[in-house]
Amino acid sequence: MTDAYTRTVQLSTEFIENGDPLGWFEALYATANGDPNAVPWARLTPNALLLDWLDRDLIRGKTAIVIGCGLGDDAEELAKRGLNVTGFDISESAIAWCDRRFPNSPVTYQVADLFALPEAWKGTFDFVLESYTIQAMPPELRAKAIPKIAELVASSGQLLVICRGREPEQDLTTVPFPLTKAELIGFQQAGLSEMEFEDLAEPGTVRRFRVRYEK
Ligand SMILES: C[S@@+](CC[C@H](N)C(=O)[O-])C[C@H]1O[C@@H](n2cnc3c(N)ncnc32)[C@H](O)[C@@H]1O
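First, a word on scope: everything that follows refers to the structure included in this document. (Residues numbered from 1 in each chain as written. Predicted model: local features only at pLDDT ≥ 70, side-chain atom pairs only at ≥ 80, totals over all residues. Heavy atoms only, no water.)

Things to note about the sheet that holds strand S4 (residues 125–131)
Logical step 1: What the 7 strands build is an open sheet, ordered S3-S2-S1-S4-S5-S7-S6; its pairing is mixed. Bordering the open sheet on either side are strand S3 (108–111) and strand S6 (193–200), each of which pairs with just one other strand. Taking the axes of each pair of neighbouring strands and ignoring which way they run, one obtains an average angle of 15 degrees across the sheet.
Logical step 2: Where strand S2 (residues 84–89) meets S3, 4 bridges bridge the pair, whose relative direction is parallel. Note that in S3 the partner of Thr-86 across the bridge is Thr-108. (Pairing = 2+ DSSP bridges. Helix = DSSP H or I, 4+ residues; strand = E, 2+ residues; numbered from the N terminus. Axes fitted to C-alpha atoms, helices over the stretch in contact; angles between N-to-C directions.)

Encoded structure:
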């Protein structure tokens with residue numbers, strides 16, 4: 001049987017080559033048939049880099065939105081910490097899965113595409129979480145995704161980005177496609193101020209960036 005990562009690479013490569021770089025997410029969730037082992041990023045627990053950051057108590061305000069919320073664990077964690085949370089994902093199957101996992105959740109789960117955001121969301125959220133969504137898009141697409149994410153941040157609001165990191169000379173092969181520091185400058189070009197940049201590179205582990213922005 002094909003493992004989840006191999007299947008993800010096959011599906012994403014096929015869809016990207018056919019000019020549909022966002023179609024593979026729904027295909028992956030739909031064919032997982034409710035088995036989280038078929039979704040490589042499905043940890044069924046909040047991201048440790050989010051938990052550790054939340055413990056610093058830097059969040060101000062009341063409303064939060066989670067970009068590409070997947071199976072909902074990060075959105076649930078933010079709700080547990082008292083925020084009024086919206087989680088959205090382009091995949092209908094992912095959102096249906098969140099609704100099944102958390103039937104009594106205070107989180108509003110919604111199918112939505114980052115590239116066609118509801119007008120009412122723009123400039124609305126005190127805290128925006130982007131974890132591992134833009135790295136799942138080819139570089140030309142994520143350059144367009146970055147300003148869309150920035151649009152969601154309210155005045156004086158915050159954005160936390162967690163992503164894989166790379167040096168520019170490192171080749172991109174298959175998903176996930178790590179980001180360079182230069183690509184992340186797009187958030188500043190979209191009107192946000194970078195407050196903290198953490199390069200979490202440790203020998204023998206995957207290099208990740210965790211960056212906090214403010215508007
Ligand atoms: C690699 S997964 C990461 C999921 C989750 N954020 C996490 O940290 O585990 C990327 C997620 O983004 C969603 N996604 C991709 N493109 C999107 C778009 N244009 N709008 C909304 N969600 C999108 C996918 O369906 C998928 O659930």
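Digging into the pattern of salt bridges
Logical step 1: With the rule as written, the count across this model stands at 18 salt bridges.
Logical step 2: In this structure, Glu-214 and Arg-60 form a salt bridge, with 3.4 Å as the shortest nitrogen-oxygen distance. Residue Glu-214 is found in strand S7 (residues 208–214), and its partner Arg-60 is found in the loop between helix H3 (48–54) and strand S1 (63–67); the two are separated by 154 residues along the sequence.
Logical step 3: Each of the salt bridges in this network shares a partner with another, and the network as a whole consists of Asp-52, Arg-56, Glu-196, Glu-198 and Arg-210. (Salt bridge = Lys/Arg side-chain N within 4 Å of Asp/Glu carboxyl O.)

Some thoughts on the nonpolar core
One broad rule of soluble globular proteins: the nonpolar side chains tend to lie buried together.
Logical step 1: Phe-88, Val-128, Leu-152, Leu-159, Leu-184 and Phe-187 are the most contacted members of the largest nonpolar core, which totals 46 residues.
Logical step 2: It is helix H2 (residues 23–32) that provides the largest number of residues to this core, a total of 6 residues.
Logical step 3: If you look at the next biggest cluster of nonpolar residues, it comprises 22 residues, including Leu-50, Val-85, Ile-95 and Ile-162. (Core = buried A, V, L, I, M, F, W, Y, C linked by side-chain atoms within 4.5 Å. Buried < 20%, exposed > 50% of the residue type's maximum accessible area, 1.4 Å probe, protein only.)

Here's the deal with the site of the ligand
Logical step 1: Residues in contact with the ligand amount to 19 residues; listed here are only the nearest, Tyr-29, Gly-68, Asp-89, Asp-113 and Ser-131.
Logical step 2: Between an oxygen atom of the ligand and a side-chain N or O atom of Tyr-29, the distance comes to 2.5 Å.
Logical step 3: Here a nitrogen atom of the ligand and a backbone polar atom of Leu-114 are 2.9 Å apart.
Logical step 4: About the coverage of the ligand: the protein hides 96% of its 590 Å² of free accessible area.
Logical step 5: In a pocket analysis with a 2 Å cut-off to the grid points, the ligand is assigned to the largest pocket.
Logical step 6: Going through the elements one at a time, H2 and S2 are the ones with two or more residues in the shell around the ligand.
Logical step 7: Split by residue class, the shell around the ligand holds 12 nonpolar, 4 polar and 3 charged. (Near = heavy atom within 4 Å. Polar contact = N/O pair within 3.5 Å; in protein donor to acceptor, adjacent residues only side chain to side chain. Areas by Shrake-Rupley, 256 points an atom, 1.4 Å probe, with all protein chains shown as cover. 1 Å grid on protein atoms, 1.4 Å probe; cavity = no way out; pocket = protein on both sides within 12 Å on 5 of 7 lines; lining within 4 Å. Sits in = over half its atoms within 2 Å of the grid points. Nonpolar A, V, L, I, M, F, W, Y, C, P; charged D, E, K, R; others polar.)

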